[in-house]
Amino acid sequence: MPETISERVRRVVAETQKLPADRVQDESTFRELGIDSLDGLNILFALEEEFAVEVPDDAAKEFASVREAVEGIERLLAAKNA
Amino acid sequence: MRRVAVTGAGVVSALGVGVSSFWSALRAGTSGIGPIRAVDCSGIKFSNGAEVPDFNPLLHFDAKTAGQLDRSVQFAGIAAAEAIAHSGAALVPERTAVVTGCAIGGKPTEDHTYRLLYAEGRTRFDPMSIPKVMTSASASYISMRHGITGPCYTVSTACASAAHAIGQAFWMVRSGQVDVAVTGGTEAPVTLGMLRAWEAMRVVAPDTCRPFSRDRRGLILGEGAAVVVLEDLDAAVARGARVHAEICGFGMSSDAGHLTAPSADGAARAMSAALRDAGLDATQIGYVNAHGTGTAANDSTETRAIRAVFAAPPLVSATKSMHGHALGASPALEAVATILALRDGVLPPTAHFTEADPECDLDVIPNRARDVQVEAALSNSFAFGGLNAVLAFRRYVGSGQE
């Protein structure tokens, strides 16, 4: 079964942050995971590569948790495929 | 200890070549920000910059010399020649120092040669590539061009480079290690590689640079150089030199914290250190030329730092709104702006200001210069990596008038 968007986002966050996969849950906030602004830049970069989308700077500011990142990516993918 | 005079200045910036065009534009609140011409910005999230307009090195160097110098070194060479001529100082070679600041070295040369190598498969390089890209090329060129044989070196501390350079040069003159110092900074960061790298940091504004405005969206990259001549004040007065201002303090600190997020505490400690070094009380400072990049994080953090140091904050402005953020050269451009503000009793504004931000509750001299004669001023520079450097200047009113 292919990975869901949520699974892919969690995998990207865990890989870029060198975190055990089970630590990164949909409910996890970036703060809880110890992710600061510079880590956030690296995650955005990795998410853009993973999903072949471009996250505008303004939208990027709203990515403060795994769930917000998943929702943001879903919106960008929907806009791309519209 | 000696007092140290600023007797000359030279500038190359987005506001033109020469101190007079720089200062008249700053006084008028005119910005040098516009569409980037050196690089095709299609596909990049921003397309505005602060480039030196219509720069032609052949107006300043013979063809052979121009070919030996990276754009960043050309800027420094022009600014240094202007500063030395402006000072009227007769340099004693071994009693004169050159200290320059530069964050990234000869990027235009590097970008060009790497494109030939990677994109065009060329294997033969310009034999001048190495001496053109070295970060200290500007110090070497100024030394050779003007026959200066004293201490000569370059400081590289990202966006605080020229402040560390000028501060070190000031201390060398003050302590008597040298009698004169030619010091400043230079940068030429407008290359495709650098623009893409800055894009990835998500700190460059898509519109313009609006420091301290609520709707600020980031910095605008600039380029250029500024150089000042510092000398023993008594000697300068004795030879009848015009003293534009005194440089009287230098303070440094390190955040020892985050690689890119600024710290109000680190910035405040550097300002306090500069005041102590200058023997100035905070109440004597009438103006701060802010680091003021126009990023969300810098401007609110710098506001907190200024409020931590000053019970009653002085007037503040961010001239990066006009000359852009020329990385390691910015502190030198801002030092010149601060010196001329003290000399002429005119404080340059923060351009492109639209709307006050409660997190930046300072009088930032929005859009219009203000005629205010202040006694002393600071120029702030805070670099990525948490390296902070602050210069203190004071008005020179002439002997017998103090």
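These numbers were taken from a predicted model, which means no experiment stands behind them. Here the residue numbering is sequential within each chain, running from 1 through the sequence in written order. Each chain takes a letter, starting from A, and each ligand takes a number, starting from 1, following the order in which they are written. With pLDDT at 70 or above as the cut-off, local features in this predicted model cover only qualifying residues; side-chain atom pairs require 80 or more to be listed or tallied, and sums for whole chains, interfaces and linings still use all residues.

A. The overall build of chain B, seen in detail. Scanning chain B from N- to C-terminus turns up 13 helices and 13 strands. Whereas a compact globule of 402 residues would reach a radius of gyration of roughly 21 Å, chain B reaches 20 Å, a difference of no more than 12%. Its C-alpha atoms give chain B principal-axis dimensions of about 65 × 50 × 40 Å. We call two residues in contact when their backbone-placed C-beta atoms lie within 7 Å. For chain B, the proportion of contacts with a sequence separation of at least 24, taken over those separated by at least 6, is 80%. A run of H or I in DSSP counts as a helix once it spans at least four residues, and a run of E counts as a strand once it spans at least two, with each numbered from the N terminus. Atoms considered for the radius of gyration are the C-alpha atoms alone. The globule rule reads 2.2 Å times the number of residues to the power 0.38.

B. View of the overall build of chain A. What chain A contains, in helices and strands, is four helices and zero strands. With respect to the three principal axes, the spread of C-alpha positions in chain A is 35 × 35 × 20 Å. Whether a residue is buried, exposed or partly exposed follows from its count of other C-beta atoms within 10 Å of its own C-beta, namely 20 or more, 12 or fewer, or something in between, respectively; the C-beta atoms are built from the backbone. Counting only residues that meet the buried cut, chain A has 21% of its 82 residues in that class.

C. Molecular detail of the packing of helix α1 (residues 5–17) of chain A against helix α4 (residues 66–81) of chain A. Residues and elements named next belong to chain A. Convention adopted: a line fitted to C-alpha atoms gives each axis, helices being fitted over their contacting stretch, and angles between N-to-C directions are expressed from 0 to 180 degrees. Two elements in contact, α1 and α4, have axes whose closest approach is 9 Å; the angle formed by their N-to-C orientations is 125°. Comparing their axes, α4 and α1 come out oblique. In this structure, α1 crosses over α4, and the sense of that crossing is right-handed. Seen from α1, the contacting residues are Ile5, Ser6, Val9, Arg10 and Val13; seen from α4, they are Val66, Ala69, Val70, Ile73 and Glu74. Throughout, the term roughly parallel applies to angles under 35 degrees, roughly antiparallel to angles over 145, roughly perpendicular to angles from 65 to 115, and oblique to all others. In this scheme the crossing of two helices becomes right-handed for a clockwise turn of the near helix relative to the far one and left-handed for an anticlockwise turn of less than a right angle.

D. Here's a closer look at the domain arrangement of chain B. All names here are of chain B. Per the domain assignment, the segments making up chain B are domain 1 (4–238) and domain 2 (249–394). As annotated, the domain borders come from an automatic or database domain assignment. Relative placement of domain 1 and domain 2: their C-alpha centres are 20 Å apart. Listed per partner, the contact involves 63 residues of domain 1 and 55 residues of domain 2. Contributions of two or more residues to the side of domain 1 that touches domain 2 are made by β1 (4–13), α1 (19–28), α7 (161–175), β7 (180–187) and β8 (224–232).

E. Main features of the confidence of the model for chain A. In the predicted model, chain A carries a mean pLDDT of 92, and the fraction of residues at 70 or more is 100%. When mean pLDDT is taken per element in chain A, α1 of chain A scores highest with 95 and helix α3 (residues 57–60) of chain A scores lowest with 83. Scored from 0 to 100, pLDDT records how confident the predictor is in each individual residue.

F. Representation of helix α10 (residues 264–278) of chain B within the structure. Residue and element names in this part refer to chain B. Compared with an ideal rise of 1.5 Å per residue, which puts 15 residues at 21 Å, α10 spans 21 Å between its outermost C-alpha atoms and is within 8% of the ideal. Restricting attention to buried positions, one finds in α10 the residues Gly266, Ala267, Ala268, Arg269, Ala270, Met271, Ala274, Leu275, Asp277 and Ala278. Those residues of α10 that are buried lie in contact with β9 (245–254), α11 (296–309), β12 (376–383) and β13 (387–394). A positive phi of about 65° marks Gly279, the residue just after α10. One fewer than the residue count of a helix, multiplied by 1.5 Å, yields its expected span.

G. Representation of the pairing of β7 of chain B. Residues and elements named next belong to chain B. A large share of β7 lies buried, amounting to eight of its eight residues. Here β7 shows a buried face lined by Val180, Val182, Gly184 and Thr186 and a second buried face lined by Ala181, Thr183, Gly185 and Glu187. Looking at chain direction, strand β5 (residues 96–101) and β7 are connected through six bridges and run parallel. Paired with Gly101 across the bridge in β7 is Gly185. Two strands qualify as a pair provided that DSSP identifies no fewer than 2 bridges between them. Of the pairings in the sheet, the one linking β7 to β8 comprises eight bridges and is antiparallel in character. Looking at β8, one finds that Thr186 is bridged to Ala225.

H. Focus on α11 of chain B. In a regular helix each residue adds 1.5 Å, so 14 residues correspond to 20 Å; α11 of chain B covers 21 Å between its end C-alpha atoms and thus fits that length. Turning to α11 of chain B, the residues buried within the fold contact α10, β10 (285–289), β11 (315–317) and β12 of chain B.

I. Just the environment of Thr30 of chain B, in detail. Residue and element names in this part refer to chain B. Tracing the backbone through its elements, the reader meets Thr30 in the loop between α1 and β3 (34–35). C-alpha separation for the pair Thr30 and Ala351, spaced 321 residues apart in sequence, amounts to 7.4 Å. Setting aside residues no more than four positions away along its own chain, Thr30 makes contact with Ala25 and Met322.

J. The arrangement of the interface of chain B and chain A in detail. Taken residue by residue, the interface counts eight residues in chain B and seven residues in chain A. Amino acids outside the nonpolar list (Ala, Val, Leu, Ile, Met, Phe, Trp, Tyr, Cys, Pro) and the charged list (Asp, Glu, Lys, Arg) are all regarded as polar, and Gly is one of them. Of the residues that constitute the side of chain B that touches chain A, the class distribution is four nonpolar, two polar and two charged.

K. Looking closely at the environment of Ala335 of chain B. Residue and element names in this part refer to chain B. Secondary-structure assignment places Ala335 in helix α13 (residues 330–344). The spatial distance from the C-alpha of Ala335 to the C-alpha of Asn48 is 24 Å, given a sequence separation of 287 residues. Apart from residues lying up to four places away in sequence, Ala335 is in contact with Ile166, Ala226, Val228, Ser379 and Leu391.

L. Broad picture of the packing of α10 of chain B against α11 of chain B. Residues and elements named next belong to chain B. Direction vectors running N to C along α10 and α11 enclose 45°, while the axes themselves pass 8 Å from each other. As judged from the angle between their axes, α10 and α11 are oblique. Between α10 and α11 lies a crossing whose hand is right-handed. Together, Ala264, Ala267, Ala268, Met271 and Ser272 of α10 and Thr301, Glu302, Arg304, Ala305, Ala308 and Val309 of α11 make up the contact between the two elements. For the contact of α10 with α11, the per-class residue count stands at seven nonpolar, two polar and two charged.

M. Quick peek at unusual backbone geometry. Residue and element names in this part refer to chain B. You will see that Ala256, though not glycine, has its phi angle at about 50°, which is positive. One non-glycine residue, Asn367, adopts positive backbone phi at about 65°. You can see Asn367 is positioned in the loop between α13 and β12. When the 14 C-beta atoms within 10 Å are taken as the criterion, Asn367 is described as partly exposed.

N. Local environment of the pairing of β13 of chain B. Residues and elements named next belong to chain B. With eight of its eight residues buried, β13 lies for the most part within the structure. The alternating pattern of β13 places Leu387, Ala389, Leu391 and Phe393 on one face and Asn388, Val390, Ala392 and Arg394 on the opposite face, and all of these are buried. Relative to β13, β9 runs antiparallel, the two being bridged by eight bridges. Opposite Glu246, over in β13, you have Arg394 as the bridge partner. Linking β12 back to β13 in an antiparallel pair, the connection comprises three residues, with Gly385 at a positive phi of about 90°.

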